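# An overview of the molecular structure
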Amino acid sequence: MQKREIEEVHLLKEQLGSEITLVDENAQEQLFHLLLELVFNGKHYAYFQSPEDEEGEIEVLRVVKLDNGEYDLEYIEDDDEWEDAVELFDEWTIQYEE
């Protein structure tokens with residue numbers, strides 16, 4: 001796999017902190033830890049993990065900048081983009097495990 005230019009940022013963390021409450025598809029609130037924010041090709045992704053998740057499953061959302069300068073989260077609807085975002089996380093974490 002070709003190495004890509006991936007940048008770690010902390011923009012969302014600076015705005016919201018490292019613990020964020022997300023609402024799932026059933027309108028249930030759940031606390032998540034913000035693990036990492038990565039930017040690749042102008043797209044900003046945030047990676048979260050539930051403190052209750054023993055399996056280590058990661059949630060990934062797209063971060064968008066609003067007109068007022070604040071940041072918001074969007075679920076990634078496109079399967080290809082979601083897979084790319086997960087690959088970015090894997091590349092980043094493998095890079096720092098070596």
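For the structure, check the block above.
Residue numbering note: each chain is counted from 1, following its sequence as written. This being a predicted model, a pLDDT of at least 70 is required before a residue's local features are given, and a value of 80 or more before pairs of side-chain atoms are given or counted; all residues contribute to the totals for chains, interfaces and linings. Excluding hydrogens and water, the side-chain figures rest on all heavy atoms present in the structure.

## Focus on the overall build of the protein
Here a helix means four or more residues in a row that DSSP labels H or I, a strand means two or more in a row labelled E, and each is numbered from the N terminus. Along the backbone of the protein there are two helices and six strands. Listing every helix and strand of the protein by position from the N terminus yields β-α-β-β-β-β-β-α. Against the globule reference of 13 Å for 98 residues, the protein gives a C-alpha radius of gyration of 13 Å, in line with a compact fold. C-alpha extents for the protein along the principal axes are approximately 40 × 35 × 25 Å. The cut-offs for exposure are 20% and 50% of the maximum accessible area for each residue type, with area from a 1.4 Å probe on protein chains only; residues under the lower value are buried, those over the upper are exposed, and the others partly exposed. Across the 98 residues of the protein, 32% fall into the buried class. Residues count as neighbours in contact if any of their non-hydrogen atoms are within 4.5 Å of one another. A fraction of 41% describes how many contacts in the protein between residues 6 or more apart in sequence connect residues 24 or more apart. Of the charged side chains in the protein, 6 are positive and 31 negative; the average position of the first set lies 9 Å away from that of the second. With the radius of gyration taken over C-alpha atoms, the globule rule is written as 2.2 Å times the number of residues to the power 0.38. Positive charges are assigned to Lys and Arg, negative charges to Asp and Glu, while His and the chain termini are left out of the count. To locate a charge, take NZ of a lysine, CZ of an arginine, CG of an aspartate or CD of a glutamate.

## Some details on the pattern of salt bridges
Salt bridges are defined by distance alone: a side-chain nitrogen of Lys or Arg within 4 Å of a carboxyl oxygen of Asp or Glu. Applying the stated criterion across every chain yields a total of three salt bridges. Between Arg62 and Glu74 there is a salt bridge whose closest N-O contact spans 2.4 Å. Of this pair, Arg62 sits in strand 5 (residues 59-65) while Glu74 sits in strand 6 (residues 71-74), and the two are 12 residues apart along the sequence. Residue Glu81 pairs with Arg62 through a salt bridge whose shortest N-O separation is 2.8 Å. On the criterion of sequence distance, the pair formed by Glu81 in helix 2 (residues 79-97) and Arg62 in strand 5 is long-range, its members being 19 residues apart. Residue Glu81 shares its accessibility class with Arg62, and that shared class is buried.

## A few points about the nonpolar core
Core analysis: the largest hydrophobic core is formed by 12 residues, namely Ile6, Leu36, Leu38, Phe40, Tyr45, Tyr47, Val60, Ile76, Ala85, Leu88, Phe89 and Trp92. Mapped onto this core, the elements with two or more residues apiece are strand 3 (29-40), strand 4 (43-49) and helix 2. Beyond its immediate chain neighbours, meaning those up to four positions away, Tyr45 contacts Leu36, Glu37, Leu38, Val60, Leu61, Arg62, Val63, Ile76, Glu81, Ala85 and Leu88. Buried residues of nine kinds, namely Ala, Val, Leu, Ile, Met, Phe, Trp, Tyr and Cys, make up a nonpolar core once their side-chain atoms join them within 4.5 Å.

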